[in-house]
Amino acid sequence: GIQVEQSPPDLILQEGANSTLRCNFSDSVNNLQWFHQNPWGQLINLFYIPSGTKQNGRLSATTDATERYSLLYISSSQTTDSGVYFCAVVAYNTDKLIFGTGTRLQVFP
Amino acid sequence: DTAVSQTPKYLVTQMGNDKSIKCEQNLGHDTMYWYKQDSKKFLKIMFSYNNKELIINETVPNRFSPKSPDKAHLNLHINSLELGDSAVYFCASSHRQGMNTGELFFGEGSRLTVL
């Protein structure tokens, strides 16, 4: 099945810093989503981005479907950005959203 | 006006018991899912239903049985609970767009603890 790798596994930042999270996947996809799991365990949808670039406030994402990777940019990080960021994909001819192992982000004041 | 809601949010029970988790979505989606998140935070798909029909059934013990009475509901029943079943179970839904699954939306999770 498709493999989804996220890097880095852990990231510690000071408030105000910028960061880039990466997601590599091993096969063509027709769905790619980024989620934030907050410290209370809720999975928050950030982006639905099988290709192209999107922005939402301080967050933006870009997916290169040909090179099989996606990037999530967090600018001017805040303590509320802390949590685990997951990338998840659906390979063509499957119906399964497969999750990566996540990037744990801690933002300190 | 919660989009995907699960009950209960917390469940503590003894080994050997049978328990159910309920899920309802009011998004008008036609596909619903159950995911399991283990203690290492890894999220794995268990089941998926499309218009009340089972379309994904991963390698899950037979003690787990999903039931979809209608498109808006997908329940998970677990028999003879074991210690290893302790996890957070997430329900999700999406609207199929042709061959694509569409964007998935998740409930808040149900934390199951088996003693």
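These lines cover the structure that appears in this document, whether it is placed above or below. Since this is a predicted model, take the numbers as computed values, not measurements. (Residues numbered from 1 in each chain as written. Chains lettered and ligands numbered in written order. Predicted model: local features only at pLDDT ≥ 70, side-chain atom pairs only at ≥ 80, totals over all residues. Heavy atoms only, no water.)

## Some words on the overall build of chain B
Phase 1: In terms of regular secondary structure, chain B is built from 0 helices and 11 strands.
Phase 2: Helices (α) and strands (β) of chain B occur, in sequence order from the N terminus, as β-β-β-β-β-β-β-β-β-β-β.
Phase 3: By principal-axis analysis of the C-alpha atoms, chain B measures approximately 45 × 30 × 30 Å.
Phase 4: Among the 115 residues that make up chain B, the fraction classed as buried is 45%.
Phase 5: At a minimum sequence separation of 6, the contacts of chain B that also span at least 24 residues come to 53%.
Phase 6: Carbon and sulfur atoms form 50% of the exposed surface of chain B, whose accessible area is close to 5,800 Å².
Phase 7: When the 13 basic and 12 acidic side-chain charges of chain B are each reduced to a single mean position, those positions are 4 Å apart. (Helix = DSSP H or I, 4+ residues; strand = E, 2+ residues; numbered from the N terminus. Buried < 20%, exposed > 50% of the residue type's maximum accessible area, 1.4 Å probe, protein only. Contact = heavy atoms within 4.5 Å. Areas by Shrake-Rupley, 256 points an atom, 1.4 Å probe, with all protein chains shown as cover. Lys, Arg positive; Asp, Glu negative; His and termini not counted. Charge placed at Lys NZ, Arg CZ, Asp CG, Glu CD.)

## Some words on the interface of chain B and chain A
Phase 1: In this assembly, 22 residues from chain B lie in contact with 19 residues from chain A.
Phase 2: When chain B packs against chain A, the two sides together hide about 1,800 Å² of surface, and 54% of this comes from carbon and sulfur.
Phase 3: On inspection of chain B and its partner chain A, the count reaches 2 salt bridges.
Phase 4: Across the salt bridge formed by Asp95(A) and Arg96(B), the nearest N and O atoms sit 2.7 Å from each other.
Phase 5: Taken together, the connections running from chain B to chain A amount to 11 residue pairs in polar contact (both at pLDDT 80 or more). (Buried area = accessible area lost by both parts, 1.4 Å probe. Salt bridge = Lys/Arg side-chain N within 4 Å of Asp/Glu carboxyl O. Polar contact = N/O pair within 3.5 Å; in protein donor to acceptor, adjacent residues only side chain to side chain.)

## Some details on the sheet that holds strand S6 (residues 52–56) of chain A
All names here are of chain A.
Phase 1: The antiparallel open sheet is built from 5 strands, whose spatial order is S1-S3-S8-S7-S6. If you trace the sheet from one side to the other, it starts and ends with strand S1 (4–7) and S6, each paired once. Direction aside, the axes of adjacent strands within the sheet are offset by 15 degrees on average.
Phase 2: Where S1 meets strand S3 (residues 19–25), 4 bridges bridge the pair, whose relative direction is antiparallel. Residue Glu-5 lies in a different strand from S3, and its bridge partner there is Asn-24. (Pairing = 2+ DSSP bridges. Axes fitted to C-alpha atoms, helices over the stretch in contact; angles between N-to-C directions.)

## Regarding the sheet that holds strand S1 (residues 4–7) of chain B
Residues and elements named next belong to chain B.
Phase 1: Taken together, the 4 strands give an open sheet; going across it, the order is S1-S3-S8-S7, and neighbouring strands pair in antiparallel fashion. Single-partner strands in this sheet number two, and they are S1 and strand S7 (64–70). When the angles between neighbouring strand axes are averaged without regard to direction, this sheet yields 20 degrees.
Phase 2: Of the strand pairs in this sheet, S1 and strand S3 (residues 19–25) are connected by 4 bridges, and their pairing is antiparallel. In the strand pairing of S3, Thr-7 is matched with Lys-22.

## What to know about the side chain of Gln37(B)
Phase 1: Tracing the sequence through the fold places Gln37(B) in strand S4 (residues 31–37).
Phase 2: Relative accessible area serves as the criterion here: at 3%, Gln37(B) is assigned to the buried category.
Phase 3: Within the structure, Gln37(B) has its side chain in polar contact with the side chain of Gln37(A) (distance 2.8 Å).
Phase 4: Looking at Gln37(B), its side chain comes within polar contact range of the main-chain oxygen of Lys41(B), at 3.0 Å.

## Side note on the state of the cysteines
Formally, a disulfide is one covalent bond, and it connects the sulfur atom of one cysteine to the sulfur atom of another.
Phase 1: Under the counting rule described, the total for this entry stands at 2 disulfides over all chains.
Phase 2: Between Cys23(A) and Cys87(A) runs a disulfide, and the two sulfur atoms are separated by 2.0 Å. Torsion about the S-S bond of the Cys23(A) and Cys87(A) cystine: about -60 degrees, corresponding to left-handed handedness. Here Cys23(A), found in strand S3, pairs with Cys87(A), found in strand S9 (residues 83–91); they are 64 residues apart in sequence, far enough to count as distant.
Phase 3: The partner cysteine of Cys23(B) in its disulfide is Cys91(B), sulfur to sulfur 1.9 Å. Around the S-S axis, the bridge from Cys23(B) to Cys91(B) shows a dihedral of about -80 degrees and counts as left-handed. (Disulfide = S-S within 2.5 Å.)

Geometry only, nothing functional implied.
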